Amino acid sequence: MAGGSAIRGSRVGAGPMGEAERGESIARFRVSYWCANGHETKPSFAEDGTVEVPVEWDCPRCGFPAGQDKNKPPMPMKNEPYKTHLAYVKERRTEAEANKILEIALKKHRGED
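Residues numbered from 1 in each chain as written. Predicted model: local features only at pLDDT ≥ 70, side-chain atom pairs only at ≥ 80, totals over all residues. Heavy atoms only, no water.

### Overview of the UniProt feature "binding site: Zn(2+)" (unreviewed entry) in the chain
We count it as follows: UniProt positions are given in the numbering used here, feature names are shortened, and annotations may be inferred rather than shown by experiment. Every helix listed is a DSSP run of H or I at least four residues long, and every strand listed is a run of E at least two residues long, numbered separately from the N terminus. Working rule for contacts: check all heavy atoms of both residues, and any pair within 4.5 Å makes them a contact. Relative accessibility thresholds used throughout: buried, under 20% of the residue-type maximum; exposed, over 50%; partly exposed, between the two (1.4 Å probe, protein chains only).
Cross-referencing UniProt, the feature "binding site: Zn(2+)" (unreviewed entry) maps to Cys35, His39, Cys59 and Cys62 in the present numbering. A maximum C-alpha distance of 8.5 Å is found for the annotated residues, which run over 28 residues; spatially they form one tight group. Looking at the element boundaries, histidine 39 is found in the loop between β2 (33-35) and β3 (40-41). Not counting residues up to four positions away in its chain, the partners in contact with histidine 39 are Tyr33, Trp34, Cys59, Arg61 and Cys62. In this structure, cysteine 62 sits in the loop between β5 (56-58) and β6 (65-67). For cysteine 62, a relative accessible area of 28% translates into the label partly exposed. Excluding residues that lie within four positions of it along the chain, cysteine 62 makes contacts with Cys35, Asn37 and His39.

Next up, the structure:
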């Protein structure tokens, strides 16, 4: 059956929806932020005197940090690639130490101990 209401998603007697029901909106101001890729972002903040404008803002286009100085935007943090267990071992041991440990392990394995 194809029936329905001319005003979908509302109930009878709901009244008008708009600014009057939600209250008056507070005054707002915008601050420009630029990322290293040159993207500009302008978030808005309430002008009620309690808002502290952040120094950095994440760029919604590329995810890089954005700052208020267009000529010197903050640089993105450098992510180090994943290291294997072997890479960490090589940082702690020299080649000579590794060869010595390998020789001891091979002697034990061969039963020469």
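### A closer look at the sheet that holds β2
Note the following rule: Two strands are said to pair when DSSP picks up at least two bridges between them.
Read across the sheet, four strands follow the order β3-β2-β6-β5 without closing on themselves; strand pairing throughout is antiparallel. Pairing within the sheet leaves two strands with one partner each, and these edge strands are β3 and β5. Relative to β6, β2 runs antiparallel, the two being bridged by two bridges. If you follow tryptophan 34 over to β6, its bridge partner there is glycine 67.

### Looking at the packing of aromatic side chains
We apply this condition: Two rings belonging to Phe, Tyr or Trp (six-membered ring only in the last case) form a pair when the distance between their centres is within 6.5 Å. Interplanar angles under 30 degrees mark stacking, angles over 60 mark edge-to-face geometry, and anything in between is tilted.
A complete count under the given rule lists three aromatic pairs for this structure. Ring plane angle 40° and centroid distance 5.9 Å describe the contact between phenylalanine 29 and phenylalanine 45, whose orientation is recorded as tilted. Pair noted here: phenylalanine 29 is in strand β1 (residues 28-30) and phenylalanine 45 is in strand β4 (residues 44-46), with a separation of 16 residues, a long-range link. Of the residues examined, phenylalanine 29 reaches a relative accessible area of 26% and is grouped as partly exposed. Geometrically, the ring pair formed by phenylalanine 45 and tryptophan 57 is edge-to-face, given 5.6 Å between the ring centres and 85° between the ring planes. Of this pair, phenylalanine 45 sits in strand β4 while tryptophan 57 sits in strand β5, and the two are twelve residues apart along the sequence. Given a relative accessible area of 9%, phenylalanine 45 falls into the buried group. Note on tryptophan 57: relative accessible area 31%, which makes it partly exposed.

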